[in-house]
Amino acid sequence: GDVAAYEYRRTNSTTSVLIASYPSSAAVNAVSDGFNFVPSRNLYDKTNAVDGMVMDYGTGLNYPYADGMSLGYFPVTANKTYTVSMSDLLGFNSAHALYCRDVNGTFLGIDHTVGATTGMASPPTSITWTGNSKVTFTIPSGSAIAYVGLMTNYSVHVTDDFNRVIGTVQAEEGATA
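These figures come from a predicted structure and were not determined experimentally. (Residues numbered from 1 in each chain as written. Predicted model: local features only at pLDDT ≥ 70, side-chain atom pairs only at ≥ 80, totals over all residues. Heavy atoms only, no water.)

## A few points about the environment of Glu172
Next up, step 1: Take Glu172: it is sitting in strand β11 (residues 170-173).
Next up, step 2: Along the backbone, Glu172 and Thr81 are 91 residues apart, and their C-alpha atoms lie at a distance of 8.7 Å.
Next up, step 3: A polar side-chain atom of Glu172 sits 2.4 Å from a polar atom in the side chain of Arg41. (Helix = DSSP H or I, 4+ residues; strand = E, 2+ residues; numbered from the N terminus. Polar contact = N/O pair within 3.5 Å; in protein donor to acceptor, adjacent residues only side chain to side chain.)

## Quick look at the sheet that holds strand β9 (residues 134-139)
Next up, step 1: Read from one edge to the other, the open sheet built from four strands follows the order β8-β9-β5-β11, with strand pairing classed as antiparallel. Every other strand in the sheet has two partners, leaving β8 (125-130) and β11 as the edge strands with one partner each. Along the sheet, successive strands turn relative to each other by an average axial angle of 15°, direction set aside. (Pairing = 2+ DSSP bridges. Axes fitted to C-alpha atoms, helices over the stretch in contact; angles between N-to-C directions.)

## Considering the side chain of Thr83
Next up, step 1: Within the fold, Thr83 resides in strand β5 (residues 80-85).
Next up, step 2: Only 2.8 Å separates the side chain of Thr83 from the backbone oxygen of Gly174, close enough to count as a polar contact.
Next up, step 3: Of the polar contacts made by the side chain of Thr83, one reaches the backbone oxygen of Ala175; its length is 3.3 Å.

## Some remarks on helix α2 (residues 159-166)
Next up, step 1: Of the residues making up α2, those classed as buried are Asp161, Phe162, Val165 and Ile166. The buried residues of α2 all sit within an arc of 125° when viewed along its axis, so they share a single face.
Next up, step 2: The secondary structure elements touched by the buried residues of α2 are β3 (50-55) and β4 (62-75). (Buried < 20%, exposed > 50% of the residue type's maximum accessible area, 1.4 Å probe, protein only. Arc of directions from axis to C-beta. Contact = heavy atoms within 4.5 Å.)

Put into structure tokens, the structure is as follows:
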């Protein structure tokens, strides 16, 4: 049960009053389990997103574009696979591109799955876009890539749309997100 012991105080020779009950270890464990913190698997930090900006193909920096949404960069590690998804209709659409930076933030280049890479050494591999809502890719062993950035399509939108979109982005290690 939930109670391991009861404590009574005798008030006179015929009467005892319950003053405490002590929980069983099972009851204590059930309560403490509610406080065990399980960190999010989401590597995406929506505070890095910028509305009204897009990522420049040549520099990886944000530049103003009223209908753009720069989703920012998230950390990656060589020899691992990642999946980024969003459950919003605005999606990635025409922005099928992975912007890559090294550990110091230096722009390495862009891997554009509808064209050629910009000559970066050891670009992401096994890039698979699922419609406009998901991309899976691998950072090769020995690659200098430490951060990958994304942006959405160019679409007329309002601030509420931007907030909704960035709230649906999920970036995780592995083949699903």
